[in-house]
Structure formats: structure tokens, C-alpha cells
Amino acid sequence: MDARPHTEGELMADIRATVETYWATAQARDWRAFGATLADDVRYELPQTRERVLGRDGVVRFNAEHVGEWSLKVERVITDGDQAVSWVSFSVDEEETQAISFFTASADGRIQTITDFWPTSYEPPRERAHLVERF
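All residue numbers refer to position in the chain's written sequence, counted from 1. Reporting in this predicted model follows two pLDDT cut-offs: at least 70 for local features of residues, and 80 or more for side-chain atom pairs to be given and counted; totals over whole chains, interfaces and linings ignore these cut-offs and use all residues. Each side-chain value is derived from all of the structure's non-hydrogen atoms; neither hydrogens nor water enter the calculation.

By the naming in an unreviewed UniProt entry, the protein chain is Ketosteroid isomerase-like protein, taken from Streptomyces rapamycinicus.

Given below as C-alpha cells:
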């Protein structure tokens, strides 16, 4: 990536492409290309587990060493300036879940911060069954 300053429109396009590449290279297990989407001093946080991983090598290793047979599908990426959010469907060992991830870009368009939210599925209360349609 070049080091020239980006306009807001260019940066928005860059962060969308970078996030899409981040997920595509994770799915492909191409850890070298995955790492190339990350700033050297990237910060990755998971609020539910209160975990933080600092630096490109740590984030690559954290993802590369994820256990189980997993697969992901990007449902949506939304950008605004140097920020992006993605919604990903994720399956591991035949269990499916969803994740929402927030990203910010560094000046060169690589990912500077990632905050992942991995909600836990649960059965809704029976008393509201008449108000909803299950899918």
C-alpha cells in the first residue's frame, strides 16, 4: 500500500476492501495475506471474554491457532470514513453463530483496531412467543 495521504472517499474504499480481504484470507487460511491487512501495532479486543491481543504477529497467531473445523461467510460490511463494521456468519464443528466486528483503519488503510462481539445464542422467553416469528 502506498504511504500518500488518502481522501475520505479513498480511505472508505480502502477500509471496505481491507476488511473484505481480512475475512477472505482468514477463510482461506492464508495467514501471510491475512497479516498484510493488519497494522504492525494492531489491537484486537473481545469484550465478552475480556481478551486483548496486541501486534500483527499476535493477532495472526490467535486466529491461525483457532481450534476446530470452522468456516465463515461475510453477510455485510458497512463503512464510514476510516471505520467499518462487519456481520459474519461463523460455523465451527457444525455449530453456527454470528459475529459483529468493528474496525478502524490506520493512515495507510490497514486495520488498526478490531473489536469482535460474539453473542451467545439463547432461547427466547416463552411469554413473548405470540409477538415474534422464529427463523
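Now that the structure has been shown, the text picks up again.
Undergrad: Teacher, can you tell me more about the sheet that holds strand β6 (residues 111–117) here?
TA: The pairing of strands in a sheet happens through backbone hydrogen bonds and is either parallel or antiparallel. Strands were regarded as paired on the criterion that DSSP finds at least two bridges between them. Numbered from the N terminus, helices here are DSSP runs of H or I no shorter than four residues, and strands are runs of E no shorter than two. With mixed pairing, the six strands of this open sheet are ordered in space as β2-β1-β6-β5-β4-β3. Strands with a single pairing partner mark the edges of an open sheet, and in this sheet they are β2 (51–54) and β3 (70–80). Adjacent strand axes in the sheet meet at a mean angle of 20°, parallel and antiparallel pairs treated alike. Judged from the four bridges that link them, strand β1 (residues 38–46) and β6 form a sheet pairing that is parallel. Bridging from a neighbouring strand, Glu45 pairs with Thr115 of β6. For every element, the axis is a line fit to its C-alpha atoms; helices are fit only across the contacting stretch, and the angle between N-to-C directions ranges from 0 to 180 degrees.

Undergrad: Could you clarify how one ought to interpret the UniProt feature "domain: SnoaL-like" (unreviewed entry) in the protein chain in this entry?
TA: Per the UniProt annotation, the sites labelled "domain: SnoaL-like" (unreviewed entry) are residues 19–111. Along residues 19–111, the helical share is 26% and the strand share 49%, with 8 Å between the first and last C-alpha atoms. UniProt positions are given in the numbering used here, feature names are shortened, and annotations may be inferred rather than shown by experiment.

Undergrad: Please clarify how the pairing of β1 should be interpreted in this entry.
TA: Looking down a regular strand, the side chains alternate between one sheet face and the other. With four bridges connecting them, β1 and β2 associate as antiparallel partners. Counted as the bridge partner of Arg43 is Leu54 from β2. The antiparallel pairing of β1 with β2 creates a hairpin that spans four residues between the two strands, and Arg50 there sits at a positive phi of about 60°.

Undergrad: It is not clear to me how the packing of aromatic side chains should be interpreted in this structure. Could you clarify?
TA: One pair of aromatic rings is described through two measures. These are the centre distance and the angle between the planes. Stacked, tilted and edge-to-face pairs are distinguished by plane angle, under 30 degrees for stacked and over 60 for edge-to-face with tilted covering the rest, among Phe, Tyr and Trp rings (Trp via its six-membered ring) whose centres lie within 6.5 Å. This model, assessed by the stated rule, comprises nine aromatic pairs. Seen in terms of ring centroids, Trp23 and Phe103 are 6.4 Å apart; in terms of plane orientation they differ by 85°. Their pairing is edge-to-face. Of this pair, Trp23 sits in helix α1 (residues 8–27) while Phe103 sits in strand β5 (residues 95–105); the two residues are 80 residues apart in sequence, bridging distant segments of the chain. The rule is simple: take the accessible area with a 1.4 Å probe, protein chains only, and divide by the maximum for that residue type; under 20% is buried, over 50% is exposed, in between is partly exposed. Since its relative accessible area comes to 5%, Trp23 is described here as buried. Arranged with centres 5.6 Å apart and planes meeting at 20°, the rings of Trp70 and Phe90 form a pair that is stacked. You can see Trp70 sitting in strand β3 and its partner Phe90 sitting in strand β4 (residues 83–92), a full 20 residues away along the chain. In this structure, Trp70 and Phe90 share a single accessibility class: buried. Feature note: the residues Tyr22, Trp23, Trp31, Phe34 and Phe103 constitute an aromatic cluster, connected by ring pairs. Criterion for a charge above a ring: Arg CZ or Lys NZ at most 6 Å from the ring centre, at most 35 degrees from the ring normal. The positively charged end of Arg29 is found above the aromatic ring belonging to Trp70, 3.5 Å away from the centroid.

Undergrad: Please clarify how the pairing of β3 should be interpreted in this entry.
TA: With ten bridges joining them, β3 and β4 adopt antiparallel strand pairing. By the bridge assignment, Ser71 is partnered in β4 with Ser91. Joining the antiparallel neighbours β3 and β4 is a turn of two residues, in which Gly81 adopts a positive phi near 60°.

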